[in-house]
Amino acid sequence: MPAVVVAITVFALFALGYIYYSRYLAEKVYALDPAFVTPAHELADGIDYVPTNKHVLFGHHFTSIAGAAPIVGPAIAVFWGWVPALLWIVIGTIFAAGVHDFGALAVSVRHKARNIGSLTADVISPRSRILFLCIIFFLLTLVNAVFAVVIGNLFVAFPGAVIPIFVEIPLAIAIGQYIYRTKSPALVPSIVGVIALYFLIWVGHHNPIELTALADALGMAPRDVWIVIMFVYTFIASRLPVWLLLQPRDYINSHQLFIALGVTFIGVLVGMDRIVAPAFRGDLPEGSPNIFPFLFITIACGAISGFHSLVSSGTTSKQLDKETDARHVGYVGALGEGSLAMASVLAVSAGVAATRVEWDALYPTYGDASAGATSNFVNGIAQFASNLGVEFTLATVFAAVVVVSFAATTMDTGVRLQRYIVQEIATILNWKRLSRSLTAAGLIAVAVPLLLALMPGSDDRGFAFGTLWRLFGTTNQLTAGLALAVVAVWVTKRMRNPIAILAPMVFLLVMTTWALIIQLGEFWDAPERWVLVPLDLVILVLALWLIVEAGIALRRSLADRRTGPRADAGEGDAMDTTRPSARDDQG
Amino acid sequence: MTPAMPNSPGTSPSHRILLVRPWNMPDGVGAGCCGGGSTKGLCVATGHEAPHGDPRFRERAGWDAFAEMYLAVKDTVRGRADLEVVDPRNHLYLLPVLFGDARRRGVERWQALRSALRSPGYAAIIVDGRTVSSGTLRTPEEAVRLIEAALADALAAGDRRRV
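Computed from a prediction, not measured in an experiment: that's the story for all the values here.

## Details of the overall build of chain B
And step 1. When its secondary structure is counted, chain B shows 4 helices and 4 strands.
And step 2. Ordering the α and β elements of chain B from the N terminus gives β-α-β-α-α-β-β-α.
And step 3. Out of the 163 residues in chain B, the part that is buried amounts to 56%.
And step 4. At a minimum sequence separation of 6, the contacts of chain B that also span at least 24 residues come to 60%.
And step 5. A total accessible area of about 7100 Å² is found for chain B, and carbon and sulfur atoms account for 54% of it.

In structure tokens:
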């Protein structure tokens, strides 16, 4: 089947989801009110709380949620066939991610734009604050470990990407300094930055850098040397002010995101590549993970990602001009992420191979599918780019640079955020020294994922994505489950039908818990991966804790519904002073 | 009682004022899924709800001047113009809007394009596609004065066109 047909069909389904399902959510479930005074107006401070045009806000929201994660999951999951992967992306995006991202935004707006972490404490229970912090700690640890391995693998497989990635750092700083000092418009310098980056891609293509000799001297694998370098870099980068490196590099990255999406979809249209991957894979090799539950945690970002609730409630909700804009910003943002995941499916099912035999050679086992995921994506995108006249090998460096740029920025941010989480947990535990030391917190933020990425057995093909990625997927889905629980309780308290939220929440928690239990058995049986047993166990305990907390909170809110609001309603209830009128509630 | 919202449905101000954020004060970032929001110190932890006084968000102190200017302009133009604050990177939004606004003022295509490309500078103030300030973060009083003058000019130009 031509990939372009699939792309058009998916876009059409996304459009239907937006037109009908998001309208249902907006009117019947979240009961958005165009006259509601949003925190952006009520608390306008010109910094965080600024009423913002919905199209502008969508751009800010989308560039904050889109990146490398929705690329990796689908690139692995086509192992089960491209149809199940795509179905989960489409159904997940329309009925889970849209509900989640939109809902987190809506609930936050009704609570002074507070973030999902503090809402969890108020809406679910005060205990769940530590639950939230623990889930985020593991989420960030796994993100940093996995993306370090992604970068290490890509630098080894595509050594031409090394020069552009490392020269991009001083280049970004120089551009930032130029804009800062001259106070000039950013357009021309950032375009110059992108052009310079593409020139560096050409330079890197002709001057690949490999660390084989250094790795031999150190007695390490080249990939592991890159992993260590990346963590040293992120530790230093996380100590720099964001305006010095992170922001100017984001100028270049945001251009890259749109260029990569454009190249993919125009390349698909021009090349009319056909999907050669099997629609459904009935002949799975023995020992392969079952599609249930593993498909649903392998593709997290791209179908539903708990991290989006942090963006929705952390920054976006503070800028919503009208409450009804939440539909456009939150729901369409999720559709954008789903589109990125679809691009990944097309790249690894149509772009990466010309025949079924070639494809089978790339995806013989789950381990190979996992180990080769990012390389397959890079080669697939390179094929689409070559449809537009770019030399294939040069195009592979281009695609590798896109993935590494996003992965590196995610690591920068991940380590930066992890320091705060470590300090927050230390404050709760009354570990004063750690709670006050950014350096100590930063070292923990770097050391834990570094050890995980280099743990014994990590050199096994498929470790990063066959194992760590699945753990990352489970924690990401747990975060989504927690956010959905908050939204469900809020919707229930407002006398609305919460089924649209409960359905994805229950599905996610079942899949997550099921996967954690299976994985626990797998890790137990593999002595070289003993480290992962306690890790999996802790995440499983968090999942069960979350299920209990969500169950209690929902039961309480249902009881409140029957008896009217409690006299001891928490802050979150008290703040929700803008409940819809009785007429609305009956609507 | 629900206070009236500026620019709420029913009112249709005929002017558009764009305030371009200082470049080190953008909103979203291209940081990627599971990494977004770094620029503003994404509030994942409950203790970071009020980061103004938090030394980890030191760079935010410099943003207060922009905030004061924004609040002054907002109060001044309430109901008379659409006021939007835009990230300087948001070229996908800025360029068509600036081009369109300039064309509506009767500016020729090529001139409108040049103006659109040059406009979104540091802390720029743009009224109906016309850059009234760029490269300097204006005080609230200066910003209000510049905007009032630009709106008066626009009004006069509109009258001339109607005549």
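There is more to say after this.
## A word on the overall build of chain A
And step 1. Looking only at helices and strands, one finds 26 helices and 0 strands in chain A.
And step 2. In summary, chain A has a C-alpha radius of gyration of 23 Å against a globular reference of 25 Å for 587 residues, a match within 12%.
And step 3. Each of the three principal axes of chain A carries a C-alpha extent, and together these read 70 × 60 × 55 Å.
And step 4. Here chain A holds 587 residues, and 65% of them are scored as buried.
And step 5. Here the analysis covers contacts within chain A between residues at least 6 apart in sequence; of these, 86% occur between residues at least 24 apart.

## Let's talk about the nonpolar core
And step 1. Formed by 213 residues in total, the largest nonpolar core has its most connected members in A:Tyr30 and A:Phe147.
And step 2. With residues near it in sequence (within four places) discarded, A:Phe147 still touches A:Ala68, A:Ala69, A:Val72, A:Ala407, A:Thr410, A:Met411 and A:Trp469.
And step 3. Counting residues in each nonpolar core, the second largest holds 21 residues, with A:Ala44, B:Ile17, B:Ile125 and B:Val127 among its members.

## As for the side chain of A:Arg223
And step 1. Structurally, A:Arg223 is set in helix H11 (residues 222–239).
And step 2. A polar contact is formed between the side chain of A:Arg223 and the side chain of A:Asp224, at a distance of 3.4 Å.

## Overview of the pairing of strand S2 (residues 81–86) of chain B
Residue and element names in this part refer to chain B.
And step 1. In terms of burial, S2 is a largely internal element, 5 of the 6 residues being buried.
And step 2. When strand S1 (residues 15–20) meets S2, the two strands line up parallel, connected through 6 bridges. Looking at the pairing, Ile17 lines up with Leu83 of S2.

## Overview of the sheet that holds strand S3 (residues 125–127) of chain B
Residue and element names in this part refer to chain B.
And step 1. If you trace the 4 strands from one edge of the open sheet to the other, you get S2-S1-S3-S4, paired in mixed fashion. At either margin of the open sheet sits one strand with a lone partner, and together these are S2 and strand S4 (130–133). Going across the sheet, the axis of each strand differs from the next one's by a mean of 25 degrees, ignoring polarity.
And step 2. Running over the sheet, helix H1 (residues 64–77) touches S1, S2 and S3 and is turned about 165 degrees from S2.

## Examining the packing of helix H7 (residues 128–157) of chain A against helix H19 (residues 392–428) of chain A
Residues and elements named next belong to chain A.
And step 1. Packing of H7 against H19 leaves a shortest axis separation of 8 Å and a crossing angle of 150 degrees. When the axis of H7 is compared with that of H19, the two are roughly antiparallel. For H7 against H19, the interelement crossing comes out left-handed.

## Focus: unusual backbone geometry
Of all residues except glycine, most have a negative phi; of all peptide bonds, most are trans.
And step 1. Of note, the amide linkage connecting A:Phe292 to A:Pro293 takes the cis form, showing an omega dihedral of 5 degrees.
And step 2. Counting through the fold element by element, A:Pro293 comes out in helix H13 (residues 291–298).

## What about the packing of aromatic side chains?
Residue and element names in this part refer to chain A.
And step 1. Taken as a whole and assessed by the stated rule, the structure comprises 23 aromatic pairs over all chains.
And step 2. Within the aromatic cluster, the residues linked to one another by ring pairs are Trp88, Phe292, Phe296 and Phe507.
And step 3. Looking at Arg327, its charged tip hangs above the ring of Tyr18, at a distance of 4.6 Å from the centre.
And step 4. Directly above the aromatic system of Phe294 lies the positively charged group of Arg470, at a separation of 4.4 Å from the ring centroid.

## Describing the pattern of salt bridges
And step 1. According to the stated counting rule, one finds 15 salt bridges over all chains in the structure shown.
And step 2. For A:Asp360, the salt bridge goes to A:Arg356, with nearest N and O atoms at 2.9 Å. Residue A:Asp360 and its partner A:Arg356 are located together in helix H16 (residues 356–362), separated by 4 residues, close to a single helical turn.
And step 3. With relative accessibility at 28%, the residue A:Asp360 sits in the partly exposed group.
And step 4. By relative accessible area, which is 34% here, A:Arg356 ends up partly exposed.
And step 5. Via salt bridges that share partners, B:Arg16, B:Asp101 and B:Arg104 belong to a single interconnected network.

## Some thoughts on the packing of H7(A) against H11(A)
Residues and elements named next belong to chain A.
And step 1. Here H7 crosses H11 at 125 degrees, and the two axes come no closer than 8 Å. Looking at the two axes, H7 sits oblique to H11. Here H7 and H11 pass one another in a crossing that is right-handed. Side by side, H7 and H11 meet where Asn144, Ala145, Ala148, Val149, Ile151, Gly152, Asn153, Phe155 and Val156 of the first sit next to Pro222, Arg223, Trp226, Ile227, Met230 and Phe231 of the second.
And step 2. Grouping the constituent residues of the contact of H7 with H11 by class yields 11 nonpolar, 3 polar and 1 charged.

## A few points about a nonpolar patch on the surface
And step 1. Together, A:Phe292, A:Val506, A:Phe507, A:Val510, A:Trp514 and A:Ile518 make up a nonpolar patch on the protein surface, roughly 490 Å² of accessible area in all.
And step 2. Of note, A:Val510 is situated in helix H23 (residues 499–525).

## A few points about the environment of A:Pro84
Residue and element names in this part refer to chain A.
And step 1. Position of Pro84 among the secondary structure elements: in helix H5 (residues 82–109).
And step 2. Given a relative accessible area of 9%, Pro84 falls into the buried group.
And step 3. Note: C-alpha distance between Pro84 and Val348 (264 residues apart in sequence) is 14 Å.
And step 4. Setting aside chain neighbours within four positions, we find Pro84 in contact with Ala279, Phe280, Ile291 and Leu295.

## Remarks on the confidence of the model for chain B
Residues and elements named next belong to chain B.
And step 1. Overall, the prediction assigns chain B a mean pLDDT of 72, with 63% of residues at 70 or greater.
And step 2. A low-confidence stretch, residues 1–11 (pLDDT under 50), is modelled with 18 contacts involving residues beyond four sequence positions or located in other chains.
And step 3. The low-confidence segment residues 27–58, where pLDDT is below 50, has 125 contacts with residues more than four positions distant or belonging to other chains.
And step 4. Our summary of model confidence lists the complex with pTM equal to 0.87 and ipTM equal to 0.74.

## A look at H11(A)
And step 1. The terminal C-alpha atoms of H11(A), which comprises 18 residues, lie 26 Å apart, in line with the 26 Å expected from a rise of 1.5 Å per residue.
And step 2. At its buried positions, H11(A) is contacted by H7, helix H8 (162–182), helix H10 (212–218), helix H12 (246–271), H19 and helix H21 (438–453) of chain A.

## Description of the environment of A:Gly551
Residue and element names in this part refer to chain A.
And step 1. Along the chain, Gly551 turns up in helix H24 (residues 532–563).
And step 2. By relative accessible area, which is 34% here, Gly551 ends up partly exposed.
And step 3. The spatial distance from the C-alpha of Gly551 to the C-alpha of Ile124 is 9.3 Å, given a sequence separation of 427 residues.

Basis of the calculations
Residues numbered from 1 in each chain as written. Chains lettered and ligands numbered in written order. Predicted model: local features only at pLDDT ≥ 70, side-chain atom pairs only at ≥ 80, totals over all residues. Heavy atoms only, no water. Helix = DSSP H or I, 4+ residues; strand = E, 2+ residues; numbered from the N terminus. Buried < 20%, exposed > 50% of the residue type's maximum accessible area, 1.4 Å probe, protein only. Contact = heavy atoms within 4.5 Å. Areas by Shrake-Rupley, 256 points an atom, 1.4 Å probe, with all protein chains shown as cover. Rg over C-alpha atoms; globule rule 2.2 N^0.38 Å. Core = buried A, V, L, I, M, F, W, Y, C linked by side-chain atoms within 4.5 Å. Polar contact = N/O pair within 3.5 Å; in protein donor to acceptor, adjacent residues only side chain to side chain. Pairing = 2+ DSSP bridges. Axes fitted to C-alpha atoms, helices over the stretch in contact; angles between N-to-C directions. Parallel < 35°, antiparallel > 145°, perpendicular 65-115°, else oblique. Left-handed = near helix turned anticlockwise from the far one by under 90°. Phe/Tyr/Trp six-rings, centres within 6.5 Å; stacked < 30°, edge-to-face > 60°. Lys NZ or Arg CZ within 6 Å of the ring centre and 35° of its normal. Salt bridge = Lys/Arg side-chain N within 4 Å of Asp/Glu carboxyl O. Nonpolar A, V, L, I, M, F, W, Y, C, P; charged D, E, K, R; others polar. Patch = residues over 30% accessible without salt bridge, like charges linked within 9 Å, V, L, I, M, F, W, Y side chains within 5 Å. pLDDT = per-residue confidence, 0-100. Expected span 1.5 Å × (residues − 1).

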